[in-house]
Amino acid sequence: MNWLRSAPGIMRGVYWRIAAVLALVGLSYIVFRLISPSFPEIYPGAIFFPAVLLAALLGGMWAGIAATILSVLLSDYLIFAPVGSFTGKSPSSVLFLTLYMVYGTSISLLIEGLNRYRRRLAIAHEEAALARERSRAEEESRRIAFQREQLRALADGLEKAREEERTRVARDLHDDIGQILTAVKMDLMWIDRQVSMGEKEVHRRLESAVELINEGAQSVRKICSGLRPAILDDLGLGPAMEWQTNEFSSRTGIACRTTLPPTKLGLSTNCASAFFRIFQECLTNIGRHAHARTVDVSLFREGEEVVMIVQDDGEGIRDIARAPSLGILGMKERAQSCGGELLIDSSVGRGTAVMLRIPVHSNLSKEDGDARIDR
Ligand SMILES: Nc1ncnc2c1ncn2[C@@H]1O[C@H](COP(=O)(O)OP(=O)(O)OP(=O)(O)O)[C@@H](O)[C@H]1O
Ligand SMILES: [Mg+2]
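Fair warning: this is a prediction, and the values are worked out from it, not measured in the lab.

### Notes on the overall build of the protein
For the protein, the helix and strand inventory stands at ten helices and five strands. Burial status across the protein gives 25% buried among its 375 residues. Here the analysis covers contacts within the protein between residues at least 6 apart in sequence; of these, 70% occur between residues at least 24 apart.

Quick look at the structure:
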């Protein structure tokens, strides 16, 4: 039955097609039998032909041909014996039957062709719609990529501005407040020297004031280092990381082992800042979440890249897929803005390792046009 199944038409199932052919031709036969006594001259083809047409439309070519053959058989008063037979038919009747067959088959073929054309047209329409959809999606993804790039550039700009602002505030704090405190301290010490030895209470108060000023100066230094450690600009990334590690270790009691380069690594200011901020976030995360006993910190140059590894022996990240919140996202963004990458390897109970790689001479790392390269 494959021929009937594969033929194009409105009806899909083979049994539906057979049923349609039988019903249409059967109906025509009943009509023919009903009206033929009143109109004995009527040509049977006129009654059966709509059935052939409808069968071809609904079921396709083979349904049309099947309806043609069936209607020929029926219209000749059931030609099979004992009801009827071809014997004794007039040549004109045979000619009519033959013509009817040719006619029905041609119409079926024509409808088949039309159906195929209609389908091909529908497929072409679908393909065109798909192509339009694809090009719209491509356009959309290009637009998103462009916007992403713009956002990244904006974030880079903001980060740079923030870093510059921190440096400026730290310098102002250090220079202005630091100088004022030193001047006040010297004045107080001068007053202390002028006051006679008998004024014990005045001496005590002056000493306490100098002590307070010392504490104030220390606080200012601490705040300045928190904003941006001068050591990062003055001595470079390695010493700044060493200093930060010592701070972290004395604050948290977690032992830290460091392998830091004695020489400078050739990073731009921007990328040195990115390294340092990522390192700070790694230590903050360890202090906050890891419950580690020791931390290993290493920084080295590998070919044209600078690599930093911070490894702790803590609890590890429980659900690394759900982990990225702002801290980890920020680290990744910073790494990307310098043309590098950040990888996190963590398993529960076995600690966490964060690896950062940044190319020394990446275009992005020099984008700021900073002449003070070689940190
Ligand atoms: N070294 C680590 N050891 C164990 N878990 C960690 C470690 N680092 C990160 N995590 C886990 O990953 C999560 C995401 O870290 P992330 O730094 O992105 O966010 P956060 O520290 O919770 O908040 P913030 O946005 O303030 O940094 C943390 O909540 C923590 O569960
Ligand atoms: Mg964090």
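Past the structure itself, the notes keep going.
### Some details on the site of ligand 1
Lining the immediate environment of ligand 1, one finds 17 residues, of which Asn-285, Ala-290, Leu-326, Gly-327 and Ile-328 sit closest. By residue number, the principal contributor to the shell around ligand 1 is helix H9 (residues 269–290), which donates five residues. Each residue belonging to the shell around ligand 1 can be placed in one class, and the counts come to seven nonpolar, seven polar and three charged.

### Quick notes on the sheet that holds strand E5 (residues 352–359)
Spatially, the five strands line up as an open sheet ordered E1-E2-E3-E5-E4, and their pairing is mixed. Single-partner strands in this sheet number two, and they are strand E1 (255–259) and strand E4 (341–346). Taken pair by pair, the neighbouring strands of this sheet meet at an average axis angle of 10°, ignoring direction. Taken together, the eight bridges between strand E3 (residues 305–312) and E5 define a ladder with antiparallel strand orientation. Across the sheet, Val-306 pairs through a bridge with Ile-358, a residue of E5. Sheet strands touched by helix H8 (residues 237–252): E1 and strand E2 (294–302). Its angle to E1, the strand with the most contacts, is close to 170°.

### Side note on the pairing of E1
One face of the sheet, then the other: side chains in a regular strand alternate in exactly this way. In this structure, E1 lies alongside E2, joined through five bridges in parallel fashion. Across the sheet, Thr-258 pairs through a bridge with Val-297, a residue of E2. Once you follow E1 into H9 and on to E2, the crossover reads as left-handed.

### So, unusual backbone geometry
In the Ramachandran plot, His-291 falls in the positive-phi region, its phi being about 50° despite a non-glycine side chain. Summarising the element assignment, His-291 is placed in the loop between H9 and E2.

### Notes on the pairing of E4
When E4 meets E5, the two strands line up antiparallel, connected through six bridges. By the bridge assignment for E5, Ser-346 is matched with Thr-352. Between E4 and E5, which pair antiparallel one after the other, the connecting turn spans five residues, and Gly-349 there sits at a positive phi close to 85°.

### A few points about the nonpolar core
Judged by nonpolar contacts, the single largest core of 33 residues is most densely connected at Leu-237, Phe-275, Ile-278 and Phe-279. Counting only elements with at least two residues in this core, the list comes to H8, H9, E2, E3, helix H10 (326–337) and E5. Here this core gets eleven residues from one element, more than from any other, and that element is H9. Discounting chain neighbours no more than four positions away, the residues touching Phe-279 are Met-241, Gln-244, Met-308 and Val-310. In this structure, Val-21, Leu-24, Trp-62 and Ala-67 belong to the second largest nonpolar core, which totals 20 residues.

### A word on the environment of Asp-172
Its location among the elements puts Asp-172 in helix H5 (residues 91–194). Counting along the chain gives 52 residues from Asp-172 to Cys-224, while the straight-line C-alpha distance between them is 9.1 Å.

Conventions used here
- Residues numbered from 1 in each chain as written.
- Chains lettered and ligands numbered in written order.
- Predicted model: local features only at pLDDT ≥ 70, side-chain atom pairs only at ≥ 80, totals over all residues.
- Helix = DSSP H or I, 4+ residues; strand = E, 2+ residues; numbered from the N terminus.
- Buried ≥ 20, exposed ≤ 12 C-beta atoms within 10 Å, placed from the backbone.
- Contact = placed C-beta atoms within 7 Å.
- Near = placed C-beta within 6 Å.
- Nonpolar A, V, L, I, M, F, W, Y, C, P; charged D, E, K, R; others polar.
- Pairing = 2+ DSSP bridges.
- Axes fitted to C-alpha atoms, helices over the stretch in contact; angles between N-to-C directions.
- Right-handed = clockwise from strand over helix to strand, strands pointing away.
- Core = buried A, V, L, I, M, F, W, Y, C linked by C-beta atoms within 7 Å.

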